[in-house]
Amino acid sequence: MEVKVLDFNGKDTGRKVQLSDSVFAIEPNNHAVYLDVKQYLANQRQGTHKAKERAEVAGSTRKIKKQKGTGTARAGSAKNPLFKGGGTVFGPRPRSYSFKLNKNLKRLARKSALSLKAKGSSLIVLEDFTFETPNTKNFINVLKALGLDNKKSLFVLGDSNKNVYLSSRNLKTSSVVTSSELSTYSILNANSLVVLEGALSGIEDNLSK
């Protein structure tokens, strides 16, 4: 598929690039996308939750009342989960929520996400640009020129560019990654995907293996 190339002022350069149909025009696999996003979100969880169980609650181990003759249920410890201040039964313990997915499935998920963006006209190809110094105002001007100042956007660079990254870092609605850092979640989380020309070959090489 062919896509026109814009400059950082949002103007048509008159050039077009040919995007690989095997990466940007496949039939999306929704289940692969679901699994990859699920794994990404699971990996963000710290898993440090903890509740004290019966053996960990502070308190006396003395039998609090005699076994028989009280007219109520027998009780052996103030740390019984039935009592206020007692331990928690089957409470949360620290654990890892991460799980593994094979490389082919993750690759399919990223191609599916890219194809969804391309199909939904949410993919913009931008000519390579840089800033002499980090400047958030300049980056905002690029967003305004592309009509993305009020939308969530993801810029994909071919190589790391410190000035462009630092210029976008303070903006909540926009983020910058390199082609090797691209994930299914980051693609779908953005309203518009802005790919620089220099990043196209990297994306296609990574996903055509």
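Residues numbered from 1 in each chain as written. Predicted model: local features only at pLDDT ≥ 70, side-chain atom pairs only at ≥ 80, totals over all residues. Heavy atoms only, no water.

(A) Quick peek at helix α7 (residues 197-207). Where α7 is concerned, the buried positions are Ala-199, Leu-200, Gly-202, Ile-203, Glu-204 and Leu-207. In this structure, the buried side of α7 is in contact with β2 (12-18), α1 (21-24), α3 (103-119), β3 (123-126), β4 (153-157) and β6 (192-196). (Buried < 20%, exposed > 50% of the residue type's maximum accessible area, 1.4 Å probe, protein only. Helix = DSSP H or I, 4+ residues; strand = E, 2+ residues; numbered from the N terminus. Contact = heavy atoms within 4.5 Å.)

(B) Quick peek at the pattern of salt bridges. As enumerated under the stated definition, the model contains five salt bridges in all. Of the charged contacts, one joins Lys-106 and Asp-36 as a salt bridge, the two residues approaching to 2.8 Å between their closest N and O atoms. Placement of Lys-106 in helix α3 and of Asp-36 in helix α2 (residues 30-44) is noted, with a sequence separation of 70 residues between them. On the basis of relative accessibility, which here comes to 24%, the residue Lys-106 falls in the partly exposed class. Residue Lys-50 pairs with Glu-56 through a salt bridge whose shortest N-O separation is 2.8 Å. Given the relative accessible area of 43%, Lys-50 is considered partly exposed. Through salt bridges that share partners, Arg-15, Glu-127 and Glu-197 make up one connected network. (Salt bridge = Lys/Arg side-chain N within 4 Å of Asp/Glu carboxyl O.)

(C) Summary view of the packing of aromatic side chains. The tally for this structure, following the rule as stated, stands at four aromatic pairs. Here Phe-8 and Phe-129 contribute two aromatic rings whose centre-to-centre distance is 6.1 Å and whose plane-to-plane angle is 40°, an arrangement assigned as tilted. Here Phe-8, found in the loop between β1 (2-6) and β2, pairs with Phe-129, found in the loop between β3 and α4 (136-146); they are 121 residues apart in sequence, far enough to count as distant. Note on Phe-129: relative accessible area 9%, which makes it buried. When the centroid spacing of 5.0 Å and the interplanar angle of 55° are considered together, the rings of Phe-139 and Phe-155 count as tilted. Placement of Phe-139 in helix α4 and of Phe-155 in strand β4 is noted, with a sequence separation of 16 residues between them. (Phe/Tyr/Trp six-rings, centres within 6.5 Å; stacked < 30°, edge-to-face > 60°.)

(D) Spotlight on the pairing of β1. Relative to β2, β1 runs antiparallel, the two sharing four bridges. Paired with Lys-4 across the bridge in β2 is Lys-16. If you look at the hairpin formed by β1 and β2, you'll find five residues sitting between the two strands, and Gly-10 has a positive phi there, around 80°. In this structure, β1 lies alongside β3, joined through two bridges in parallel fashion. Within the sheet, the bridge partner assigned to Leu-6 lies in β3 and is Leu-126. (Pairing = 2+ DSSP bridges.)

(E) Structural view of the nonpolar core. One finds Phe-24, Leu-114, Val-156, Leu-182, Leu-193, Val-195 and Ile-203 to be the most contacted residues of the largest nonpolar core, which totals 23 residues. For this core, the secondary-structure elements that each account for two or more residues are β1, α1, α3, β3, β4, β6 and α7. Ranked by the residues each element gives to this core, the list is headed by α7, at four residues. Here Leu-114 is in contact with Val-23, Phe-24, Leu-182, Ile-187, Leu-193, Ile-203 and Leu-207, once residues within four sequence places are set aside. (Core = buried A, V, L, I, M, F, W, Y, C linked by side-chain atoms within 4.5 Å.)

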